[in-house]
Every structure is written in C-alpha cells, then in structure tokens.
Amino acid sequence: MMTEQSYIASVVATYWFVSISMVYLNKALMSSDEISLPAPLFVTWFQCVVTAWICWLAGRFAQSMKAREYDALAKSDDESESNRKPSFWAQFPKAEYRVGTGRKVFPLSLIFVGMITFNNLCLKWVEVSFYNVARSLTIVFNVIFTQALLGTRTSFSVMMCLMIVILGFFMGSKGELNFSLWGTISGVLSSLFVSLNSIYTKKVLPVVENDHWKLTYYNNINACILFIPLMLIFEHDAILAGFTKQFMSPIFWSAMAVAGVFGFSIGIVTVLQIKATSPLTHNISGTAKAGVQSIMAFYIWKNQPTFLGVVSIFVVLGGSLAYTLVKMAEGKSAAQALHKSDSHDLEAGQNKSSK
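Let me sum up the structure you'll find in this document. Each chain has its residues counted from 1, following the order in which its sequence is written. Where totals are concerned, whole chains, interfaces and linings use all residues; where local detail is concerned, this predicted model gives features only for residues with pLDDT of at least 70, and gives and counts side-chain atom pairs only at 80 or more. Just so you know, side-chain values use all the structure's heavy atoms and leave hydrogens and water out.

**Concerning the pattern of salt bridges**
Salt-bridge detection follows one rule: a side-chain nitrogen of Lys or Arg within 4 Å of a carboxyl oxygen of Asp or Glu. By the definition in use, this model includes two salt bridges. Close ionic contact of Glu 96 with Arg 98 constitutes a salt bridge, the shortest N to O distance being 3.2 Å. Buried means the residue's accessible area, taken with a 1.4 Å probe over protein chains only, is under 20% of the maximum for its type, while exposed means over 50%, and partly exposed covers the values in between. Overall, Glu 96 belongs to the partly exposed group, its relative accessible area being 34%. The salt bridge involving Lys 214 is made with Glu 209; its shortest N-O contact spans 2.6 Å. Given a relative accessible area of 59%, Glu 209 falls into the exposed group.

Here you go:
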C-alpha cells in the first residue's frame, strides 16, 4: 500500500510532469518547423474544444457512476457501502449549457480568451527559458487591482517583494539575446488577464453554484464561440494553407489532442496537489517547477544562456516565493487578530451579562 509520503511525492511529480509537458508541447505547436501551424488562435480554439468535450464526457461518466453506486447501495444492507468515500468522478457535474447562465459567465469568458490567447502568443514569440520571466508580473497586477477595486492597503514587505519581481523582469528583458518585444508585451498582457481572471472568477462562481468544473465547461464553450470570428479575421489564410500540410499529418493532430488533454489535466493535478499538501506548498512547488522548467529549456530548446538571463530567473522566482510567504504570514496574523478580537468581545459580553 502506498504511504502518505509516497502519495504526496507522486502527486507533486505528476503536477510537474503535466505542467512542464504542457508548456513544451504548446511551444512546439506554436513555433516548431515540423508540426506548428502559423495560427495560434486556431490551436488555442482546438484546445478549448478538447477541454469542453472532456468536461462533457466526465460529467456523463460521473452520472453513470452515481447511478451504479445508488443501485449498489439500494441493494446492499452493508453499512460499509453507505460510508464508502465518493469516487474520483463524483467531482464532475453533469455538463449542460444553459443560455442564461452562459450570458452571465460571458464577461469572464472574454477575460479567459484574452488570458489564454496572450499566453500562447508569448510562448510562440519568446524563448522557453524567458517564458516565466515574461509572465512574472501577475502578482504585481494582483496587488494593483486588489488595491484599486477593494481599497486594501499594501504592506511595505509586499512592496519590496514586488520590486524584486519587477527588477528580475527587467534584468531578464535586458539579458535576453533573442528578445521579442511582441512576445514580452504578450507576456505582460497575459499576466494582466491572469490577474483579472482570478478576481472575476470569484465573482462569477456563484452563478454556477460555486462549481469550478461547471465554470470550466461554460468558459470553454464560450471561448469556442468567441474564437471563431477571430480566426476568420486573422487566420483564415493560414488555416486554409494547413489543409495541404499540417491537417494531413497524424503527428500534428496527435500533438494537438495531447495538448488539449494536458490543458484539462492541469486543473485536476493542481487541485490534487493543493489537497495533498497545502496552498503554500503548492505555490512553493509551482515556483520550483518554473525554475526547473526554465533551466531545462536551455538544454532541450538550445536557448543560449546569459548571466543576466539566468540570474533574472532566480530573482523573479525568489521575489515570487517571498511574496507567497509574506502574504501567508499576513493572512495568519490577520486571522489571529480577528480571533483575539472575537474572544475579547465574547468575554466583554459575558461580563456585561453577569452584572
């Protein structure tokens, strides 16, 4: 039987494998001479189609499993049957698209489309070793939007962490030999949309009964619709040209399908890692994974390293890790202060009633 430590190690390893593989495979689909199609919007659209289809399939399978479990429970008098843990598939709801709900999710879907589009454009135009640095400003936008929309104050410690990340971003831009202005701009815009996506996801979740998989299904269905006019306007020539080469290649379609599956799987392994460890450990694991992913890129993708480029990776990751630790410490301090305040109010109330 697998021990708890072995299970945690296997979950973290799976998260690393899926996340790194997804980035590398998308890079090949975006810029490889052998299999890439010069139509990043089409590639992204296809991945949304695959994700929506898997959500629908998982929902159907989950309904079938629930029906079997209900029948087994009805026929059995064994108490162990009623106390049995729900299966893995129980987390997936029935995938059905309601137009009214789709309209309410639509503003978030616009942000989602911007996020995944600029993410893939960044990956297309920059070196893989620079990819994480180019997209490192997400936490900066998180603080800006949180302060602007919610009016929360930012501590000096958080500001110092952000300054370290920004310093690393500019060091990486300066040290990049094959610097791409459009790729870097796409990375910044991707960071902006990632931040907006996290904020608006919290606002939209109640619309889908706080079910992340329902939101994933609606988001990807909406994205499939939104991408169609964009593809017709910007990529119709490239898509038509693909019928004579890439669309005839089983390697191309295999890579597209696997990338779509990885895009769906990253959501599962992310949840598994958080449940197996903690949100803090998940962030630390993600930071370490990004460092390994960038260093591996120098060898796998033959990206030429520079002193500034390598240092910038660790500066950005160090700043991001420090930000995570500071925010966790601040959250813990706030929780303790709230607990003390509640205890004081309760004690004051009891003293008042005794008098």
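Still more to cover.
**Quick look at helix H11 (residues 250-276)**
Only DSSP runs of H or I covering at least 4 residues are called helices, and only runs of E covering at least 2 are called strands; the numbering of each starts at the N terminus. To estimate the expected span of a helix, count its residues, drop one, and scale the result by 1.5 Å. With 27 residues, H11 should reach 39 Å at 1.5 Å per residue; the first-to-last C-alpha distance of 37 Å fits that figure. We define the bend at each residue as the angle formed by axes fitted to the 7 residues ending at it and the 7 residues starting at it. Approximately 30° is the largest bend angle found in H11, and it occurs at Ser 265. The residue sitting at the N-terminus of H11 and contributing the capping side-chain oxygen is Ser 249; that oxygen lies 3.3 Å from the backbone nitrogen of Ile 251. Between N or O atoms, a polar contact is any pair within 3.5 Å; within protein, one atom must be a potential hydrogen donor and the other a potential acceptor, and residues adjacent in sequence are included only when both atoms are from side chains.

**As for the packing of aromatic side chains**
Stacked, tilted and edge-to-face pairs are distinguished by plane angle, under 30 degrees for stacked and over 60 for edge-to-face with tilted covering the rest, among Phe, Tyr and Trp rings (Trp via its six-membered ring) whose centres lie within 6.5 Å. Counting across every chain of the model gives 19 aromatic pairs. A centroid spacing of 5.0 Å and a plane angle of 40° characterise the contact between Tyr 97 and Tyr 218, whose relative ring orientation is tilted. Taken together, the residues Tyr 97 in the loop between helix H3 (79-82) and helix H4 (99-125) and Tyr 218 in helix H9 (residues 212-234) connect sequence positions 121 residues apart. Looking at Tyr 218, the relative accessible area reads 4%, which means it is buried. Seen from their ring centres, Tyr 217 and Tyr 218 are 6.3 Å apart, and the 75° between their planes marks the pair as edge-to-face. For the residue pair Tyr 217 and Tyr 218, the accessibility class agrees, reading buried in each case. Members of the aromatic cluster, connected to one another through ring pairs, are Phe 42, Trp 45, Phe 46, Phe 243, Phe 247, Phe 252 and Trp 253.

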